[in-house]
Amino acid sequence: MARFPMFPALLALHVLSVVAWVGGMGFVTTVVLPALARLPAADRIPAFLEIERRFGFQARIWVLVAGATGGAMLARLPLLALVGTSHGLWVDGMIAFWAFFMVLLFVLEPLFLHRRLRERGARDGEATRRLLLRGHMVLLAIAILVVVGAVLGAQGVS
């Protein structure tokens, strides 16, 4: 029996997790948050939090999968030597973006962000929706830069 090709499987699962994670982030940013403007202002943040609760569960899984597969690939490839160098900015970007989302999804959101959004949204649903939209736009732009940088870096472009 042929040996299972571990690295291609890790890479495929890693790419799938990033596509689902960043694609979902793109959907929330470009579709969900703008569509919430059609709801009454008082309903906007509660609706967002319900949608985010459902997507947040999936995002947590995809972020964990991206971290596990990325870590496994780092262990199998000579990429650790690139970390912290000008040629490894793409690796640094992936690690930093992943670490930020680990903290955001597993620490900040459950401990206080959702509560603060609920409170702020009750006072001014539209201003809170606009703030969320701006924040999501920044995160999506960074995600796109990281993905493009990672693809280029993995192909030897530094």
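Structure: above.
So, here is what we can say about the structure in this document. (Residues numbered from 1 in each chain as written. Predicted model: local features only at pLDDT ≥ 70, side-chain atom pairs only at ≥ 80, totals over all residues. Heavy atoms only, no water.)

## Notes on the packing of helix α3 (residues 89–123) against helix α4 (residues 125–154)
Line of reasoning, step 1. Packing of α3 against α4 leaves a shortest axis separation of 12 Å and a crossing angle of 170°. The angle between the axes of α3 and α4 places the two elements in the roughly antiparallel class.
Line of reasoning, step 2. The residue inventory of the contact of α3 with α4, partitioned by class, reads 15 nonpolar, six polar and two charged. (Axes fitted to C-alpha atoms, helices over the stretch in contact; angles between N-to-C directions. Helix = DSSP H or I, 4+ residues; strand = E, 2+ residues; numbered from the N terminus. Parallel < 35°, antiparallel > 145°, perpendicular 65-115°, else oblique. Nonpolar A, V, L, I, M, F, W, Y, C, P; charged D, E, K, R; others polar.)

## Some words on the packing of aromatic side chains
Line of reasoning, step 1. What the rule picks out here adds up to four aromatic pairs.
Line of reasoning, step 2. Plain terms: the ring middles of phenylalanine 97 and phenylalanine 101 are 4.9 Å apart, the flat faces sit at 50° to each other, and that makes the pair tilted. Taken together, the positions of phenylalanine 97 and phenylalanine 101, both in helix α3 and four residues apart, correspond to about one turn of that helix.
Line of reasoning, step 3. Residue classification places phenylalanine 101 among the buried residues on the basis of a relative accessible area of 5%.
Line of reasoning, step 4. Between phenylalanine 100 and phenylalanine 101, the ring centres sit 5.6 Å apart and the planes meet at 85°, which makes this aromatic pair edge-to-face.
Line of reasoning, step 5. Three or more aromatic residues joined by ring pairs make a cluster, and in this case those are Trp21, Phe97, Phe100 and Phe101. (Phe/Tyr/Trp six-rings, centres within 6.5 Å; stacked < 30°, edge-to-face > 60°. Buried < 20%, exposed > 50% of the residue type's maximum accessible area, 1.4 Å probe, protein only.)

## Structural notes on the side chain of histidine 136
Line of reasoning, step 1. Within the fold, histidine 136 resides in helix α4.
Line of reasoning, step 2. The class of histidine 136 is buried, set by a relative accessible area of 18%.

## Quick word on the layout of surface pockets
Line of reasoning, step 1. In this structure, the largest pocket spans a volume of roughly 760 Å³.
Line of reasoning, step 2. As for the largest pocket, its lining consists of 29 residues, and the residues nearest its centre are His14, Met73, Trp90, Met94 and Ala150.
Line of reasoning, step 3. If you list the elements that add at least two residues to the lining of the largest pocket, you get α1 (6–35), α2 (41–76), α3 and α4.
Line of reasoning, step 4. Sorting elements by how many residues they give to the lining of the largest pocket places α1 first, with eight residues.
Line of reasoning, step 5. A class-by-class count of the residues in the lining of the largest pocket yields 24 nonpolar, five polar and no charged.
Line of reasoning, step 6. If you add up the space inside the second largest pocket, you get close to 600 Å³.
Line of reasoning, step 7. Glu109, Leu113, Leu117, Leu132 and His136 are the residues nearest the centre of the second largest pocket, which is lined by 24 residues in total.
Line of reasoning, step 8. If you list the elements that add at least two residues to the lining of the second largest pocket, you get α1, α2, α3 and α4.
Line of reasoning, step 9. The leading source of residues in the lining of the second largest pocket is α3, at 12 residues.
Line of reasoning, step 10. Here the residues of the lining of the second largest pocket are counted per class, giving 15 nonpolar, three polar and six charged. (1 Å grid on protein atoms, 1.4 Å probe; cavity = no way out; pocket = protein on both sides within 12 Å on 5 of 7 lines; lining within 4 Å. Points joined across faces, edges and corners; volume = space filled by probe spheres on them.)

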